[in-house]
Amino acid sequence: MNILDKIVAHKEGEVALRKVKRSIDELSSRPWFDREPVSAKSWITSPNRSGIIAEFKRQSPSKGLINGEAKVSDVTEEYIAAGASALSVLTDEQFFGGKIDDLLAARAINAAPILRKDFIIDEYQIYEAKSVGADLILLIAACLPPARLKQLAAKAKELGMQVLMEVHSEEELTDHLNEHLDLVGVNNRNLKTFEVSIETSIRLSELIPRDFVKISESGISDPATIKQLKQYGYEGFLIGENFMKTTDPGAACKAFIAQL
Ligand SMILES: O=P(O)(O)OC[C@@H](O)[C@@H](O)c1c[nH]c2ccccc12
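Here the structure is a predicted model, which is why all the values come from computation and not from measurement.

Okay, the overall build of the protein next. Along its length, the protein carries 12 helices and 10 strands. The C-alpha atoms of the protein give 17 Å as radius of gyration, which agrees with the globular expectation for 260 residues (18 Å, within 12%). Taking the principal axes of the C-alpha coordinates as reference, the protein spans close to 50 × 40 × 35 Å. Evaluated residue by residue, the protein yields a buried proportion of 57% over its 260 residues. Taking the contacts inside the protein whose residues are at least 6 apart along the sequence as the reference set, 69% of them involve residues at least 24 apart. Approximately 11,000 Å² of the protein is accessible, and the part contributed by carbon and sulfur atoms is 49%.

Below is the structure:
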């Protein structure tokens, strides 16, 4: 079993348990649920911001522990002060050491759009995202059949959130495109083998229709890469480890953005 299949199998069990603990009705009555999400699309494409989507990630299956010390509220606030356009918060516990309350903590002190970074396979997780104040969700093509991904995207839109669909290959992209998506992210890291190549973003760029905001994800550590990717129409750049591996992720983000 590859790692992605393992994560999805674990996620199915986890979601089943969470559903029993807290109903959708309960989620819908939580304080943040009625907040109007902000538009990630507009923040990311705003000419006075960097396009950087800065991620809070403690650990990952490919790298193990990245940062066990950083505080989500401090780091996310510093990311935005540094000029990041949006935030990404890992909420998966088992494989990424995150939790849904991390997103809540980020929401409490940030106005910028926040992505719930998780493996979403069920409508329940979309209600959960809304209940902690997320503005957009990630849907990973490699985890979901096209019709299922489209259903989940429609649910997010119904709740007023935007959708970032993540792909890693030509087939994933062409099979999964649908009208409910707002942003399309190309993951430079293959989630099955962990190999990273910026070429993936370059190769797939011309296949992404113009209506979607193009995002390049993973393995970005050099400001020169951003300049290169912009030439292929990318407007958003998801960066985690390059900032989180330092003792001061906010300062690392600031120094990076200053070089753009
Ligand atoms: O830490 P990096 O290499 O900058 O990558 C960030 C982000 O793209 C990566 O965490 C990611 C991309 N897609 C995902 C799906 C699930 C979990 C994590 C991810």
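Picking up after the structure, the text goes on.
Read once around its circumference, the closed barrel built from 8 strands follows the order β1-β4-β5-β6-β7-β8-β9-β10, with strand pairing classed as parallel. Each strand of the sheet is rotated relative to its neighbour by a mean of 25°, with strand direction disregarded. Its contacts with the sheet place helix α5 (residues 100–109) against β4 (86–90) and β5 (114–117), and it is angled at close to 175° to β5. Each of β1 (52–56), β9 (213–217) and β10 (236–239) is contacted by helix α10 (residues 223–230), which is oriented at about 150° to β10, the strand it contacts most.

The subject of this paragraph is the site of the ligand. Taken together, 17 residues sit near the ligand, with Glu-55, Glu-166, Arg-189, Ser-218 and Glu-241 positioned nearest. Between the ligand and Asn-187 there is a distance of 3.2 Å, counted from a nitrogen atom to a side-chain nitrogen or oxygen. Ser-218 has a polar side-chain atom sitting 2.7 Å from an oxygen atom of the ligand. Burial of the ligand by the surrounding chains reaches 98%, relative to a free accessible area of 440 Å².

The next point concerns the pairing of β10. Successive side chains on a regular strand alternate, one facing one side of the sheet and the next facing the other. Residue alternation in β10 divides its side chains into two sets, Gly-236 and Leu-238 and Phe-237 and Ile-239, and both sets are buried. By the bridge criterion, 3 bridges tie β1 to β10 in an arrangement that is parallel. Within β10, the residue paired with Ile-52 across the bridge is Phe-237. Pairing geometry for β9 and β10, over 3 bridges, is parallel. The residue of β10 that forms the bridge with Glu-217 is Leu-238.

This part covers the nonpolar core. Here is a general trend for soluble globular proteins: nonpolar side chains tend to be buried in one another's company. Counting 85 residues, the largest nonpolar core has Ile-52, Tyr-79, Ile-137, Leu-139 and Phe-243 as the members making the most contacts within it. What Ile-52 contacts, discounting residues up to four positions off in sequence, is Ala-84, Ser-85, Ala-86, Ile-226, Phe-237, Ile-239, Phe-243, Phe-256, Ile-257 and Leu-260.

The next thing to look at is the packing of helix α6 (residues 123–131) against helix α7 (residues 146–158). One way to put it is that α6 packs onto α7 with a least axis distance of 10 Å and a crossing angle of 25°. When the interaxial angle is binned, α6 and α7 end up roughly parallel. Read as a crossing pair, α6 and α7 show a hand that is right-handed. Only Arg-148, Gln-151, Leu-152, Lys-155, Ala-156 and Glu-158 of α7 make contact with α6, whose side of the interface consists of Glu-123, Ile-126 and Tyr-127. In the contact of α6 with α7, the residues fall into 4 nonpolar, 1 polar and 4 charged.

UniProt annotation of "domain: Indole-3-glycerol phosphate synthase" (unreviewed entry) refers to residues 4–255 when read in the numbering used here. Along residues 4–255, the helical share is 41% and the strand share 17%, with 33 Å between the first and last C-alpha atoms.

How each quantity is defined
Residues numbered from 1 in each chain as written. Predicted model: local features only at pLDDT ≥ 70, side-chain atom pairs only at ≥ 80, totals over all residues. Heavy atoms only, no water. Helix = DSSP H or I, 4+ residues; strand = E, 2+ residues; numbered from the N terminus. Rg over C-alpha atoms; globule rule 2.2 N^0.38 Å. Buried < 20%, exposed > 50% of the residue type's maximum accessible area, 1.4 Å probe, protein only. Contact = heavy atoms within 4.5 Å. Areas by Shrake-Rupley, 256 points an atom, 1.4 Å probe, with all protein chains shown as cover. Pairing = 2+ DSSP bridges. Axes fitted to C-alpha atoms, helices over the stretch in contact; angles between N-to-C directions. Near = heavy atom within 4 Å. Polar contact = N/O pair within 3.5 Å; in protein donor to acceptor, adjacent residues only side chain to side chain. Core = buried A, V, L, I, M, F, W, Y, C linked by side-chain atoms within 4.5 Å. Parallel < 35°, antiparallel > 145°, perpendicular 65-115°, else oblique. Left-handed = near helix turned anticlockwise from the far one by under 90°. Nonpolar A, V, L, I, M, F, W, Y, C, P; charged D, E, K, R; others polar. UniProt positions renumbered as here; feature names shortened; annotations may be inferred.

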